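The primary structure of each chain is shown beneath.
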Amino acid sequence: MAITATVRRRVLEDRVSVSIPSYNFPHSIRDTSKVKRGQKIELTGEVTRVDDEKVTVIGPDLGVTVGIEAVNLVQKYRPPTRRKPLVDEVD
């Protein structure tokens with residue numbers, strides 16, 4: 001999942017303050033690129049919890065609960081493949 005955030009300002013040399021839609025708090029992420037104020041960045045992570053209209057997304061720069069409208073699907077979910085069958089084999 002991805003959240004599109006807007007750069008607010010550079011806090012430190014390696015950190016940037018961003019504004020995340022429906023989060024209502026400033027959020028700081030680690031960034032070494034040359035982003036400018038007002039530029040949009042895409043923050044990706046995994047959804048860990050869904051409650052009514054809220055979604056919790058965690059990733060390397062994230063750990064936020066936002067409205068479901070602020071989240072975009074980046075990759076289709078693919079369940080893990082099994083290496084061993086669920087049923088025990090006869091010896």
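Residues numbered from 1 in each chain as written. Predicted model: local features only at pLDDT ≥ 70, side-chain atom pairs only at ≥ 80, totals over all residues. Heavy atoms only, no water.

**As for the pattern of salt bridges**
The line we're drawing: Just to be clear on terms, a salt bridge is a Lys or Arg side-chain nitrogen sitting within 4 Å of an Asp or Glu carboxyl oxygen. For every residue, the accessible area obtained with a 1.4 Å probe (protein chains only) is divided by the maximum for its type, and the residue is called buried under 20%, exposed over 50%, and partly exposed between those limits.
The full count for this structure, using the stated rule, is two salt bridges. Residue Arg49 pairs with Asp51 through a salt bridge whose shortest N-O separation is 2.8 Å. Assessed through its relative accessible area of 35%, Asp51 is described here as partly exposed.

**Re the confidence of the model for the protein**
Note the threshold: Every residue carries a pLDDT, the predictor's confidence in it, which falls somewhere between 0 and 100. Numbering of helices and strands runs from the N terminus, with a helix taken as a DSSP run of H or I at least four residues long and a strand as a DSSP run of E at least two residues long.
In this model, the protein carries an average pLDDT of 85, and 99% of its residues clear a pLDDT of 70 or more. Across the protein, the element-wise mean pLDDT spans from 86 in strand β8 (residues 71–72) up to 91 in strand β2 (residues 15–19).

**Looking at the sheet that holds strand β6 (residues 54–58)**
Rules: Two strands are counted as paired when DSSP detects at least two bridges linking them. Here an angle of 0 to 180 degrees is reported between the N-to-C directions of two axes, which are lines fitted to C-alpha atoms, with helices fitted over the stretch in contact.
What the three strands build is an open sheet, ordered β5-β6-β7; its pairing is antiparallel. Pairing within the sheet leaves two strands with one partner each, and these edge strands are β5 (46–51) and β7 (63–67). Put simply, the sheet's adjacent strands are angled 25 degrees from each other on average, direction ignored. Here β6 runs beside β7; their pairing, made up of five bridges, is antiparallel.

**A word on the packing of aromatic side chains**
Selection criterion: Note on aromatic pairs: the rings of Phe, Tyr and Trp (six-membered ring only in Trp) are paired at centre separations within 6.5 Å, and the planes decide the class, stacked below 30 degrees, edge-to-face beyond 60, tilted for the rest.
Per the counting criterion, the structure on display carries one aromatic pair. With centroids separated by 5.6 Å and ring planes inclined at 70 degrees, the aromatic side chains of Tyr23 and Phe25 adopt a geometry described as edge-to-face. Its relative accessible area of 56% is what places Phe25 among the exposed residues.

**Quick look at the side chain of His27**
Heads up, the condition is: Two residues form a contact once any of their heavy atoms are found within 4.5 Å.
With respect to the helices, strands and loops of the structure, His27 is situated in strand β3 (residues 26–30). Aside from chain neighbours lying at most four places away, what touches His27 is Val16, Ser17, Val18, Ile20, Asp61, Leu62 and Val64.

**Focus: the environment of Arg30**
Relative to the helices and strands, Arg30 is located in strand β3. Placed 49 residues apart in sequence, Arg30 and Pro79 show a C-alpha to C-alpha distance of 30 Å.

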